[in-house]
Amino acid sequence: MKLEGATYMDIHNAGGGIHSTVQSILKASEDELYTLFKSRLLQLLKSGVTLVECKSGYGVDFQSELKLLRVINRGLRDPEVKSDISVTYCGAHAVPRGKTAKEATEDILTNQIPKLKELCDKGELHIDNIDVFCEKGVFEVEDTKAILKAGQSAGWKLNFHAEEFVRLHSVEMGAELNAIAMSHLEEISDEGIKAMAEKGCVATILPTTAYLLHLKPPPVRKMIEEGVPVALGTDFNPNAYCLSMPFVMNLACVTMGMTMNETLAAATLNSAASLNMSATHGSIEVGKVADAVIVDSPRWQHLVYQMGSTQPTIKHVIKSGQFVYSRE
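Report follows, based on the coordinates. (Residues numbered from 1 in each chain as written. Predicted model: local features only at pLDDT ≥ 70, side-chain atom pairs only at ≥ 80, totals over all residues. Heavy atoms only, no water.)

## Thoughts on the pairing of strand 2 (residues 84-92)
Turning to step 1, where the next piece is worked out: Counting buried positions along strand 2 yields eight of nine residues, so the element is predominantly enclosed.
Turning to step 2, where the next piece is worked out: The sheet contact formed by strand 1 (residues 51-55) and strand 2 spans five bridges and is parallel. Paired with Lys-55 across the strands is Thr-88, a residue of strand 2.
Turning to step 3, where the next piece is worked out: Handedness of the β-α-β unit built from strand 1, helix 4 (residues 62-77) and strand 2 comes out right-handed.
Turning to step 4, where the next piece is worked out: Bridging between strand 2 and strand 3 (residues 129-132) involves three bridges; their strand directions are parallel. (Buried < 20%, exposed > 50% of the residue type's maximum accessible area, 1.4 Å probe, protein only. Helix = DSSP H or I, 4+ residues; strand = E, 2+ residues; numbered from the N terminus. Pairing = 2+ DSSP bridges. Right-handed = clockwise from strand over helix to strand, strands pointing away.)

## Some remarks on the sheet that holds strand 2
Within a sheet, neighbouring strands are paired by backbone hydrogen bonds and run either parallel or antiparallel to one another.
Turning to step 1, where the next piece is worked out: One open sheet accounts for seven strands, arranged 1-2-3-4-5-6-7; its pairing is parallel. Looking at the sheet topology across the chains shown, the edges are occupied by strand 1 and strand 7 (230-232). Going from strand to strand, the sheet's axes swing by 25 degrees on average, the running direction of each strand aside.
Turning to step 2, where the next piece is worked out: Strands in contact with helix 5 (residues 101-121) are strand 2 and strand 3; relative to strand 2, the strand with the most contacts, it is inclined by about 155 degrees. (Axes fitted to C-alpha atoms, helices over the stretch in contact; angles between N-to-C directions. Contact = heavy atoms within 4.5 Å.)

## Side note on the environment of Arg-40
Turning to step 1, where the next piece is worked out: Structurally, the position occupied by Arg-40 is in helix 3 (residues 30-46).
Turning to step 2, where the next piece is worked out: In this structure Arg-40 comes out as partly exposed when scored by relative accessible area, which is 25%.
Turning to step 3, where the next piece is worked out: With 196 residues separating them along the chain, Arg-40 and Phe-236 place their C-alpha atoms 9.7 Å apart.
Turning to step 4, where the next piece is worked out: In contact with Arg-40, other than residues within four places in its own chain, are Phe-236, Tyr-241 and Leu-243.

## Describing the packing of helix 3 against helix 4
Turning to step 1, where the next piece is worked out: The interhelical angle for the contact between helix 3 and helix 4, taken along N-to-C directions, is 50 degrees, at an axis separation of 10 Å. The angle between the axes of helix 3 and helix 4 places the two elements in the oblique class. Crossing angle aside, the handedness with which helix 3 passes helix 4 is right-handed. Of the residues in helix 4, those in contact with Glu-30, Asp-31, Leu-33, Tyr-34 and Phe-37 of helix 3 are Lys-67, Leu-68, Arg-70, Val-71, Ile-72, Arg-74 and Gly-75.
Turning to step 2, where the next piece is worked out: A class-by-class count of the residues in the contact of helix 3 with helix 4 yields six nonpolar, one polar and five charged. (Parallel < 35°, antiparallel > 145°, perpendicular 65-115°, else oblique. Left-handed = near helix turned anticlockwise from the far one by under 90°. Nonpolar A, V, L, I, M, F, W, Y, C, P; charged D, E, K, R; others polar.)

## Description of the side chain of Ser-274
Turning to step 1, where the next piece is worked out: Residue placement: Ser-274 occurs in helix 13 (residues 269-274).
Turning to step 2, where the next piece is worked out: Residue Ser-274 is classed as buried on the basis of its relative accessible area of 8%.
Turning to step 3, where the next piece is worked out: Sequence-distant contacts of Ser-274, that is, excluding residues within four places in its chain, are made with Asn-159, Ile-180, Ala-181, Val-202, Thr-204 and Ala-231.

## Brief notes about the state of the cysteines
Turning to step 1, where the next piece is worked out: A full pass over the atoms with the stated rule returns zero disulfides.
Turning to step 2, where the next piece is worked out: Cysteine Cys-54 shares no disulfide, and the gap to the nearest cysteine sulfur, in Cys-90, comes to 13 Å.
Turning to step 3, where the next piece is worked out: A relative accessible area of 7% places Cys-54 in the buried class.
Turning to step 4, where the next piece is worked out: No disulfide involves Cys-201; its nearest neighbouring cysteine sulfur is the one of Cys-134, lying 14 Å away. (Disulfide = S-S within 2.5 Å.)

## A word on the pattern of salt bridges
Side chains that differ in charge, positive against negative, can pair when their charged atoms come close.
Turning to step 1, where the next piece is worked out: Here the structure, examined in full by the defined rule, presents 16 salt bridges.
Turning to step 2, where the next piece is worked out: For Arg-221, the salt bridge identified is with Glu-262, shortest N-O distance 2.7 Å. You can see Arg-221 sitting in helix 10 (residues 220-226) and its partner Glu-262 sitting in helix 12 (residues 260-267), a full 41 residues away along the chain.
Turning to step 3, where the next piece is worked out: Its relative accessible area of 21% is what places Glu-262 among the partly exposed residues.
Turning to step 4, where the next piece is worked out: The network of salt bridges with shared partners includes Lys-38, Asp-78 and Glu-80. (Salt bridge = Lys/Arg side-chain N within 4 Å of Asp/Glu carboxyl O.)

## A word on helix 5
Turning to step 1, where the next piece is worked out: Compared with the 30 Å implied by 1.5 Å per residue over 21 residues, the 28 Å span of helix 5 between its first and last C-alpha is a close match.
Turning to step 2, where the next piece is worked out: The largest bend along helix 5 measures about 40 degrees and falls at Ile-108.
Turning to step 3, where the next piece is worked out: For helix 5, the set of buried residues is Ala-104, Thr-105, Asp-107, Ile-108, Asn-111, Gln-112, Ile-113, Leu-116, Leu-119 and Cys-120.
Turning to step 4, where the next piece is worked out: Looking one or two residues beyond helix 5, the residue adopting positive phi is Gly-123, at roughly 80 degrees. (Expected span 1.5 Å × (residues − 1). Bend = angle between axes of the 7 residues up to and from the residue.)

Put into structure tokens, the structure is as follows:
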């Protein structure tokens, strides 16, 4: 449908997109999901990624969201997983079929978040962040605000979808709530940029999604000039199957006018900041986690320049001072 010209929301409203993935999640076992999850973490590691934000969001109902969060949490305990993981609950990713947005919001507020918090309090589950797909026809600003505030009360950081397709002024709301980060931002207003700069909110830019959905690029240059810290993400999901941060950096340079140095900061220190982890991750400094990538090329810029393949470029990946990947 996408290649035939259908928009993201056309596909969503026709029962595709997130709704289609939800059906696959219902059918899959936790072991099947974990096998896929672990293999994708390894692919990311080989492309130099040692800190990953992993979200739920494709379960929608409580039991399926809990299944996804358990899968992600399993990665936290698996000694074979070398990546650090930041866990994000995104129960408000789509309105379940047969429910209104208000009904879905009420279920999240009175059922899902309280039960998840209880599991976290017991030490049976770990969640770092909460995300909401704030969009016209999905979860609009007031519902999003209520969910984010409930997540904040549960002790989770706010890191949510904002201003992707329609300008709802959700960024201003997120800044008011002191969100750590907001993502997408294709339709952000000048006032929203100022609000993010004033509060130090990180703008997580997702070039793969803008590219695949033929969206206008977010105003990254204006964000940088106004003092907004800009991060980059792969937005790996069924709509954007990309596990290569160097390719994302290339897209950011070509489609969004970022310099290579800006993409390096955006893919490392600022990405760590978007997860509230820049005090320990994202740069090589005394006292921080010793993560590094050893590049086999004349200049580090070849990571970005050699579009589409990192294998010839990345020789070693170091995690916490240990070699966790070496090119054969």
